[in-house]
Amino acid sequence: MEKIGLFFGSDTGCTEIVAKMIKERLIGYEVDVFDVYDIEGPEILDYNKLVFGLSTWHDGQLQSSWDDFYNSFSKLDLTGKTVALFGLGDQYGYSTYFCDGIGIIGKLAEENGAKIIGHWSTEGYEHDESKAQLDDNTFIGLCLDDDNQDELTEERVDQWVKQIVEEF
Ligand SMILES: Cc1cc2nc3c(=O)[nH]c(=O)nc-3n(C[C@H](O)[C@H](O)[C@H](O)COP(=O)(O)O)c2cc1C
């Protein structure tokens, strides 16, 4: 069975719940799930197919485990890796920093050789600015807002997982 490495960071548990939802839906794959808090870095290199998940905190800052991991992560050569990103944020409370974290990590992953898949439409969101945006209509990955739109999380995850399975 093909392997996927899913690496998440979560301060209050929301991103962790979504990581488990994504694993359950990646039927046909062996999915190894890692909390970034517990890793050194090279674990990522064991996988060609990767999913990275993180929330954004404190006006556009990376979730704390990803923040601590950032320097080690920046040294990894991701050439040949395919990466999908999902992020959690609050589009009304932090309207100019919505889901910035996946924008920061996705850009770095791409600079270090990864191919990014799983782009997502900005339709249905009301934020003002986001580093996760590639253009007016597109996020680099799945953006979720459990603070304001938790009723949409499950259907967004369902749709996105189908999309990344096609794109992997
Ligand atoms: C103090 C604080 C700062 C936050 N800053 C941001 C932010 O800058 N951008 C954003 O999109 N969400 C922000 N959020 C919302 C969180 O990212 C959101 O609640 C998320 O679901 C938390 O996920 P986690 O429990 O996996 O860490 C913030 C929340 C709090 C409480």
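Residues numbered from 1 in each chain as written. Predicted model: local features only at pLDDT ≥ 70, side-chain atom pairs only at ≥ 80, totals over all residues. Heavy atoms only, no water.

Considerations on the site of the ligand
Inspection of the region around the ligand gives 20 residues, with Ser-10, Thr-12, Thr-15, Ser-55 and Thr-56 positioned closest. Separating an oxygen atom of the ligand from a side-chain N or O atom of Thr-12 is a distance of 2.4 Å. Asp-90 is positioned with one of its backbone polar atoms (N or O) 3.1 Å from an oxygen atom of the ligand. Surface burial for the ligand is 87%, taken as the share of its 650 Å² of free accessible area covered by protein chains. Of all the elements in the fold, those that place two or more residues in the shell around the ligand are helix H1 (14-25) and strand E3 (49-57). Split into classes, the residues belonging to the shell around the ligand amount to seven nonpolar, nine polar and four charged. (Near = heavy atom within 4 Å. Polar contact = N/O pair within 3.5 Å; in protein donor to acceptor, adjacent residues only side chain to side chain. Areas by Shrake-Rupley, 256 points an atom, 1.4 Å probe, with all protein chains shown as cover. Helix = DSSP H or I, 4+ residues; strand = E, 2+ residues; numbered from the N terminus. Nonpolar A, V, L, I, M, F, W, Y, C, P; charged D, E, K, R; others polar.)

Structural notes on the packing of aromatic side chains
Applying the stated criterion across every chain yields a total of 14 aromatic pairs. Summarising the aromatic geometry, the rings of Phe-52 and Phe-73 are spaced 5.5 Å apart at their centres and angled 80 degrees between planes, so their arrangement reads as edge-to-face. Taken together, the positions of Phe-52 in strand E3 and Phe-73 in helix H2 (residues 64-74) put the pair 21 residues apart, joining distant regions of the chain. Judged by relative accessible area, Phe-52 falls into the buried class, the value being 0%. Through a chain of ring-to-ring contacts, the aromatic side chains of Phe-7, Phe-34, Tyr-47, Phe-52, Trp-66, Phe-69 and Phe-73 assemble into a single cluster. (Phe/Tyr/Trp six-rings, centres within 6.5 Å; stacked < 30°, edge-to-face > 60°. Buried < 20%, exposed > 50% of the residue type's maximum accessible area, 1.4 Å probe, protein only.)

Considering the environment of Ile-102
Structurally, the position occupied by Ile-102 is in helix H3 (residues 100-111). Placed 46 residues apart in sequence, Ile-102 and Thr-56 show a C-alpha to C-alpha distance of 8.1 Å. Not counting chain neighbours up to four residues away, the residues in contact with Ile-102 comprise Leu-54, Leu-85, Phe-86, Gly-87, Ala-132, Ile-140, Gly-141, Leu-142 and Cys-143. (Contact = heavy atoms within 4.5 Å.)

So, to be careful, I would describe these as geometric facts and stop short of saying anything about function.
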